[in-house]
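A closer look at the structure
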Amino acid sequence: MSYTYAFRTRSEIAACKNLPVEGVALCALDIGYSAVKGFSATTRACIPSYVREHPEPLIGTPRPTDIFYRDESGTVYAVGSLAMDSISSKDTNDASNVMYTRNRYFSPSFLILARVGMAVELGDEANHLPIFLQTGLPPAYRKSDTSLLKEALAGEHKFSVKVGGGPWKDFEFTLDPMNIAVMDQPIGSVYSASKRGDGSTVRCDDGKSYIDHNLLVLDGGFGTLDVFSISNRSITGSNTFNDLGMRAIFDKAAEQIYLQYGKEVHIHTMQQYLTKGAISIFDRKTRSTQMADINDIFRNANQFVCEKAMTKIESAYDNLEDYDFLLVTGGTGSAWLEMLRDRYKGMSTLSVISANQNEKISSVYSNVRGYYIYRALALGKQ
């Protein structure tokens, strides 16, 4: 498998068993720049954040992750990997690019992705039980953006979804704004690292839980790198870096691809090259095509952004001397995990841990898994 494959946005819908909650349909969503991650009592899903108008049917055998969405007017859209894979390498502009910006809550794509996430996670329960939605925002934006996010998601929803070779399913429900909870994104990862699937607490060698220690949470997503400090069981600060997430790695790789091969690759078309780790170079004079390996380009870009980020973080947080654990989460965090362990191997007072350590699933689910466990435990106490 190529080095670049790990950078491709995950696309899956998988059955699972999580903490059940009686009387409500609990859904946790992490509506990220690159993908919507979801958790419910029976399902986990990762759906790339791409939406394109695309009338069905398709030719050939449907894939399990093929998703169609139909609105009330009858307009049909491809969602997720189906939309992502339909983008041509020649496309210079794509409607899904709005998902890479912070001010996206009232875009049609954002609503479609949120609705599809709820439909995939909850199935028929969405139409028959009160829905409780747990989500999150970067710490820097939670206070200012929570009301906007709730306004975008609350209210009446009427739409249809088709997954894989299955039939169209109609959804009609009302989401009460009082049933939408928004938490700091990194707290989701703290819960994910601290809780087993049954809700019990993980204890460290000293018998204490992670929350009883000094933690620095490194949450690397597509658009942002969020750093979250917890000391003496209190949130002591946070920083959001807008230029040090996965997109920064893609930007650096695209820059190097152009310098080496003279080929311009746009961010929203990068996904198609990541499976094989190569791009095609066309020679107009000879009308021939050659494949150029981009694995080293991505490896170097990843290391460059990681070192740039950690230099800033070390400066801002006193070289991490006051922390017991560096908690790494998110897709970017996963790409950096081994580099970080090597970087801090000489610090006997600091352990680098992954937020997905309690369940063998991708670290892209760390935040949303924590959202779900946090809210399931809270609702269970009511």
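We now turn to the structure provided with this report. Quick caveat, the model's predicted, so the values are computed rather than measured.

1. As for the overall build of the protein
Tallying secondary structure elements over the protein gives ten helices and 18 strands in all. Rg of the C-alpha trace for the protein: 21 Å, near the compact-globule value of 21 Å for 382 residues, within the 12% margin. Every one of the 382 residues in the protein was classed for burial, and the buried ones make up 54%. Sequence separation of at least 24 residues holds for 70% of the intrachain contacts in the protein that already meet a minimum separation of 6.

2. Quick look at the pattern of salt bridges
Two side chains that carry opposite charge are able to pair once their charged atoms sit near each other. According to the stated counting rule, one finds 15 salt bridges in the structure shown. One salt bridge in this structure joins Asp342 and Lys345, with 3.1 Å as the shortest N-O distance. For Lys345, a relative accessible area of 66% gives the class exposed. Here Glu359 ties to Arg369 by a salt bridge, and the two come within 2.7 Å at their closest N and O atoms. Of this pair, Glu359 sits in the loop between strand S18 (351-354) and helix H10 (366-381) while Arg369 is found in helix H10, placing the two residues ten residues apart along the sequence. The class of Glu359 is partly exposed, set by a relative accessible area of 22%. With a relative accessible area of 3%, Arg369 lands in the buried category. Ionic contacts of the salt-bridge type, sharing partners, join the residues Arg8, Arg63, Asp66 and Asp85 into one network.

3. Observations regarding the packing of helix H6 (residues 246-261) against helix H8 (residues 295-316)
Relative orientation of the contacting elements H6 and H8 amounts to 135 degrees, with a least axis distance of 9 Å. By the angle between their directions, the pair H6 and H8 is classed as oblique. Note that H6 runs across H8; the crossing there is right-handed. Across the interface between the two elements, Ala248, Ile249, Phe250, Lys252, Ala253, Gln256, Ile257, Gln260 and Tyr261 of H6 pack against Ile297, Phe298, Ala301, Asn302, Phe304 and Val305 of H8. The residue makeup of the contact of H6 with H8, split by class, is eleven nonpolar, three polar and one charged.

4. Brief notes about the sheet that holds strand S2 (residues 25-31)
Taken in spatial order, the six strands line up as S1-S4-S3-S2-S8-S11 in an open sheet, and their pairing is mixed. Edge strands, defined here as strands with exactly one partner in the open sheet, are strand S1 (12-15) and strand S11 (180-184). Strand-to-strand twist in this sheet, taken as the mean axis angle between neighbours without regard to direction, amounts to 15 degrees. Sheet analysis places strand S8 (residues 131-137) next to S11, joined by five bridges and oriented parallel. Bridge pairing in S11 places Leu133 opposite Ile180. Sheet strands touched by helix H5 (residues 185-194): S2, S8 and S11. Its angle to S11, the strand with the most contacts, is close to 85 degrees.

5. Focus: the side chain of Ser229
Along the chain, the position of Ser229 falls in strand S13 (residues 225-231). With a relative accessible area of 2%, Ser229 lands in the buried category. A distance of 2.7 Å separates a polar atom in the side chain of Ser229 from a polar atom in the side chain of Thr236. Setting aside chain neighbours within four positions, we find Ser229 in contact with Leu215, Leu216, Ser234, Ile235, Thr236, Gly237, Tyr317 and Tyr323.

6. Some remarks on the nonpolar core
Among soluble globular proteins, nonpolar side chains are generally buried collectively. Ranked by size, the top nonpolar core spans 43 residues in total, and within it Ile313, Leu326 and Leu340 carry the most contacts. Of all the secondary structure elements, the ones that give two or more residues to this core are strand S12 (215-220), S13, H6, helix H7 (271-274), H8, strand S17 (325-329) and helix H9 (330-343). Here this core takes eight residues from H8, the largest share from any one element. Once you skip the residues sitting within four places of it in the chain, Ile313 turns out to touch Leu216, Leu218, Leu225, Val227, Phe241 and Leu320. Counting residues in each nonpolar core, the second largest holds 36 residues, with Tyr105, Ile112, Ala126 and Phe173 among its members.

7. Quick look at the packing of aromatic side chains
In total, this model carries 14 aromatic pairs according to the counting rule given. On the basis of an interplanar angle of 50 degrees and a centroid distance of 5.6 Å, the ring pair of Tyr3 and Phe7 is categorised as tilted. Residue Tyr3 is classed as partly exposed on the basis of its relative accessible area of 26%. For Phe7, a relative accessible area of 6% puts it in the buried group. Here the aromatic rings of Phe7 and Phe298 are separated by 5.4 Å at their centres, their planes lie at 55 degrees, and the arrangement is tilted. In this pair, Phe7 sits in the segment before S1 while Phe298 sits in helix H8, placing the two residues 291 residues apart along the sequence. By the ring-pair criterion, three or more aromatic residues cluster together here, those being Tyr3, Phe7, Phe222, Phe250 and Phe298. The ring of Tyr365 carries Arg44 above its face, with NZ or CZ at 5.8 Å from the centroid.

Procedures and definitions
Position numbers for residues count from 1 along each chain, tracking the sequence in the order it is written. Selection of residues for local features in this predicted model requires a pLDDT of at least 70, selection of side-chain atom pairs for listing and counting requires 80 or more, and totals for whole chains, interfaces and linings are taken over all residues. Derived side-chain values reflect all non-hydrogen atoms in the structure, with water molecules and hydrogen atoms excluded from consideration. Secondary structure counts use DSSP, requiring at least four H or I residues in a row for a helix and at least two E residues in a row for a strand, with both numbered from the N terminus. We take the radius of gyration over the C-alpha atoms and set the globule estimate at 2.2 Å times the residue count to the 0.38 power. Burial status follows relative accessibility: with a 1.4 Å probe on protein chains alone, a residue under 20% of its type maximum counts as buried, one over 50% as exposed, and anything between as partly exposed. Between two residues, a contact is recorded if the distance between any of their heavy atoms is within 4.5 Å. We define a salt bridge as a side-chain nitrogen of Lys or Arg found within 4 Å of a carboxyl oxygen belonging to Asp or Glu. All axes are obtained by fitting lines to C-alpha atoms, using only the stretch in contact for helices, and the reported angles, taken between N-to-C directions, cover 0 to 180 degrees. Angular relationships are summarised with four words: roughly parallel below 35 degrees, roughly antiparallel beyond 145, roughly perpendicular across 65 to 115, and oblique for the angles in between. Each crossing gets its handedness from the near helix: less than a right angle anticlockwise from the far helix is left-handed, clockwise is right-handed. For this classification, the nonpolar set comprises Ala, Val, Leu, Ile, Met, Phe, Trp, Tyr, Cys and Pro, the charged set comprises Asp, Glu, Lys and Arg, and every other residue, Gly included, is treated as polar. DSSP bridges decide pairing: two strands pair if at least two such bridges lie between them. Contacts described as polar in this section are N or O atom pairs within 3.5 Å, which, within protein, must combine one atom able to donate a hydrogen with one able to accept it, while residues neighboring in sequence count only if both atoms come from side chains. Grouping buried Ala, Val, Leu, Ile, Met, Phe, Trp, Tyr and Cys residues that are joined through side-chain atoms within 4.5 Å yields what is termed a nonpolar core. Ring pairs shown here join Phe, Tyr and Trp side chains whose ring centres sit within 6.5 Å, with only the six-membered ring taken for Trp; geometry is labelled stacked below 30 degrees between planes, edge-to-face above 60, and tilted in between. Each ring is checked for a lysine NZ or an arginine CZ that lies within 6 Å of its centre and within 35 degrees of its normal; such an atom marks a charge sitting over the ring.

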